[in-house]
Amino acid sequence: MLTDDAVLTEFRDAGALLEGHFVLSSGNHSTAYLQCARVLMDAKRAERLCAALAGKIRAAGLADGIDLVVSPAMGGVVVGYEMGRQLGLPAIFFERVDGVFALRRGFRIEPGQRCIMVEDVVTTGLSSRECIEAAEAAGGTVVAAASLVDRSGGRAKLPVPFVPLIRLDIPIFPPDQIPASVKGVPPVKPGSRGLKV
Ligand SMILES: O=P(O)(O)OC[C@H]1O[C@H](OP(=O)(O)OP(=O)(O)O)[C@H](O)[C@@H]1O
Ligand SMILES: O=C(O)c1cc(=O)[nH]c(=O)[nH]1
Ligand SMILES: [Mg+2]
């Protein structure tokens, strides 16, 4: 069990609590960004946080009978792997092919396998919902979801019980409602969805 303060300290110590002007995966803008890759680059920190998340999942009675961890690449790859280790389950990831989540690399889901979908961050919940739909389309039954961070303040709706390690309520702005003070700061887009290179 980790307190919210302890989780935020881990993020702060990892240099993962960023302030500025960010374009999120959803196209919304924000003045705050949680860079989970910086948290997960430290194996011991990843272990501490994922052990706590696994503990929350067990405490919620959601760990029993799960066969498989599924997660959405890129952000979900490392956290999915470590959650598989903590829960004693295999872990596979979906990756976007022409924008649509697909299983590659010989990964597959056996018919009826019970899955938990694991994300790094939930903002609108779109990536999570798409990953859950992809796992169901691949033959699985998704019974729960988990993430390191839910920054939606609980507003993101997922179709299965959802356990975040920490829940934050961080404002997001649609592109036509960005405050003037934020507009003046050149935006950066850290995530990979819809990235133009
Ligand atoms: O709840 P949402 O509004 O979907 O936002 C959260 C998603 O955005 C980020 O991924 P991103 O799509 O930027 O791609 P990445 O994981 O490949 O970096 C993050 O890893 C989540 O998957
Ligand atoms: O919504 C996102 O794209 C997003 C927000 C955030 O704080 N961290 C992240 O990795 N993605
Ligand atoms: Mg992602």
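Residues numbered from 1 in each chain as written. Chains lettered and ligands numbered in written order. Predicted model: local features only at pLDDT ≥ 70, side-chain atom pairs only at ≥ 80, totals over all residues. Heavy atoms only, no water.

An unreviewed UniProt entry lists the protein chain under the name Orotate phosphoribosyltransferase, with Rhodomicrobium vannielii as the source organism. Per UniProt, the comment on the protein chain under Catalytic activity (unreviewed entry) is "orotidine 5'-phosphate + diphosphate = orotate + 5-phospho-alpha-D-ribose 1-diphosphate". (UniProt positions renumbered as here; feature names shortened; annotations may be inferred.)

Chemist: Please give an account of the overall build of the protein chain that cites residues and values.
Modeler: Helix and strand counts for the protein chain stand at six helices and eight strands. Taken over C-alpha atoms, the radius of gyration comes to 16 Å for the protein chain, in line with the 16 Å a tight globule of 197 residues would show. Counting only C-alpha atoms and orienting by the principal axes, one finds that the protein chain spans roughly 50 × 40 × 30 Å. Residues counted as buried form 47% of the 197 residues belonging to the protein chain. In the protein chain, the share of contacts with a sequence separation of at least 24, taken over all contacts with a separation of at least 6, comes to 63%. (Helix = DSSP H or I, 4+ residues; strand = E, 2+ residues; numbered from the N terminus. Rg over C-alpha atoms; globule rule 2.2 N^0.38 Å. Buried < 20%, exposed > 50% of the residue type's maximum accessible area, 1.4 Å probe, protein only. Contact = heavy atoms within 4.5 Å.)

Chemist: Pulling in residues and values, what's your account of the packing of aromatic side chains?
Modeler: Following the criterion strictly, the structure yields two aromatic pairs and no others. Measuring from centroid to centroid gives 5.4 Å for Phe22 and Tyr33, while their planes differ by 35°, and the two rings are tilted. Taken as a pair, Phe22 in strand β1 (residues 17–23) and Tyr33 in strand β2 (residues 29–34) lie far apart in primary sequence, 11 residues in all. Pairing Phe93 with Phe107 gives two aromatic rings, centres 5.1 Å apart and planes at 80°, and the pair type is edge-to-face. With Phe93 in strand β4 (residues 91–97) and Phe107 in the loop between β5 (100–103) and β6 (114–122), this pair connects stretches of sequence that are 14 residues apart. What makes Phe93 buried here is its relative accessible area of 18%. Just above the ring of Phe101 sits the side chain of Arg96; from NZ or CZ to the centre is 4.1 Å. (Phe/Tyr/Trp six-rings, centres within 6.5 Å; stacked < 30°, edge-to-face > 60°. Lys NZ or Arg CZ within 6 Å of the ring centre and 35° of its normal.)

Chemist: Got a sec to walk through the site of ligand 1? Specific residues and values, please.
Modeler: Close to ligand 1 lie 17 residues; Ser25, Glu119, Asp120, Thr124 and Ser192 are nearest. Taking Leu126, its main chain carries an N or O atom lying 3.5 Å from an oxygen atom of ligand 1. Broken down by secondary-structure element, the contributors of at least two residues to the shell around ligand 1 are β6 and α5 (126–137). Residue composition of the shell around ligand 1, by class: five nonpolar, nine polar and three charged. (Near = heavy atom within 4 Å. Polar contact = N/O pair within 3.5 Å; in protein donor to acceptor, adjacent residues only side chain to side chain. Nonpolar A, V, L, I, M, F, W, Y, C, P; charged D, E, K, R; others polar.)

Chemist: Describe the sheet that holds β6, with residues and values.
Modeler: An order of β5-β4-β3-β6-β7-β8 is seen for the six strands of this open sheet, with the pairing classed as mixed. Lying at the two open borders of the sheet, with one neighbouring strand each, are β5 and β8 (162–167). Going across the sheet, the axis of each strand differs from the next one's by a mean of 25°, ignoring polarity. Judged from the five bridges that link them, strand β7 (residues 141–150) and β8 form a sheet pairing that is parallel. Residue pairing across strands places Ala145 opposite Phe162, the latter belonging to β8. The strands touched by helix α1 (residues 4–13) are β7 and β8; relative to β8, the strand with the most contacts, the crossing angle is about 70°. Across the sheet, helix α4 (residues 75–87) touches β3 (68–72), β4, β6 and β7, and the angle it forms with β3 is around 165°. (Pairing = 2+ DSSP bridges. Axes fitted to C-alpha atoms, helices over the stretch in contact; angles between N-to-C directions.)

Chemist: For unusual backbone geometry, give the residues involved together with the corresponding values.
Modeler: The step from Ala73 to Met74 runs through a cis peptide bond, and the omega angle for that step is -5°. In this structure, Met74 sits in the loop between β3 and α4. Of note in the backbone geometry, Asp98 takes a positive phi value of approximately 50° without being a glycine. Its place among the elements puts Asp98 in the loop between β4 and β5.

Chemist: Would you mind going over the site of ligand 2 in detail, with residue names and values included?
Modeler: In the vicinity of ligand 2, the contacting residues are Leu24, Ser25, Tyr33, Leu34, Val121, Thr123 and Arg151. At a separation of 2.7 Å, an oxygen atom of ligand 2 approaches a polar side-chain atom of Thr123. Arg151 places a polar side-chain atom, nitrogen or oxygen, 2.8 Å from an oxygen atom of ligand 2.

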